[in-house]
Amino acid sequence: ERGVIQRLSSAEPQVRQRLLELGMTKGSLVEFIRTAPLGDPIEIRIKGYRLSLRRMEAQTVLVRKEK
């Protein structure tokens, strides 16, 4: 699945800042790759590289699904 980042809604400023540093900015295209066997973490592709995120961190990213 693919989508476009709409906004970051992290309550913790450090987590939000780190996600921004990793390229998770509004308008960026993000693609879901896979989930680990136990469900955490998940792997996504953003800006040409793969990134693993904990589910808790990923839930703070609002994504609009691309058609």
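What this report covers is the structure whose coordinates are included nearby. (Residues numbered from 1 in each chain as written. Predicted model: local features only at pLDDT ≥ 70, side-chain atom pairs only at ≥ 80, totals over all residues. Heavy atoms only, no water.)

With respect to the helices and strands, the residue T60 is situated in the loop between α2 (55-58) and β5 (61-65). There is a polar contact of 2.6 Å between the side chain of T60 and the backbone oxygen of E57. Among all residues touching T60, those that are not within four sequence positions of it are R7, L8, S9, S10 and L19. (Helix = DSSP H or I, 4+ residues; strand = E, 2+ residues; numbered from the N terminus. Polar contact = N/O pair within 3.5 Å; in protein donor to acceptor, adjacent residues only side chain to side chain. Contact = heavy atoms within 4.5 Å.)

What follows covers the sheet that holds β5. Strand order in the open sheet formed by five strands is β4-β3-β2-β1-β5, and the pairing between neighbours is antiparallel. Each having just a single partner strand, β4 (49-53) and β5 make up the two edges of the open sheet. Sheet twist, expressed as the mean angle between neighbouring strand axes with direction ignored, is 40 degrees. Note: strand β1 (residues 2-8) against β5, five bridges, orientation antiparallel. Residue pairing across strands places V4 opposite R64, the latter belonging to β5. (Pairing = 2+ DSSP bridges. Axes fitted to C-alpha atoms, helices over the stretch in contact; angles between N-to-C directions.)

In a structure, side chains of opposite charge can pair up when their charged atoms sit close to one another. Taken as a whole and judged by the stated rule, the model has seven salt bridges. In this structure, E43 engages R50 in a salt bridge whose closest nitrogen and oxygen atoms are separated by 3.4 Å. Residue R50 is classed as partly exposed on the basis of its relative accessible area of 45%. For R54, the salt bridge identified is with E57, shortest N-O distance 3.4 Å. Counted as one network, the salt bridges with shared partners bring together R34, E43 and R50. (Salt bridge = Lys/Arg side-chain N within 4 Å of Asp/Glu carboxyl O. Buried < 20%, exposed > 50% of the residue type's maximum accessible area, 1.4 Å probe, protein only.)

The next subject is the pairing of strand β2 (residues 29-35). Across three bridges, the pairing between β1 and β2 is antiparallel. Note that in β2 the partner of V4 across the bridge is L29. Of the pairings in the sheet, the one linking β2 to strand β3 (residues 42-46) comprises five bridges and is antiparallel in character. When the bridges of β3 are listed, V30 appears paired with I46. Following β2, the chain reverses through six residues before pairing antiparallel with β3; G39 in that reversal takes a positive phi of roughly 95 degrees.

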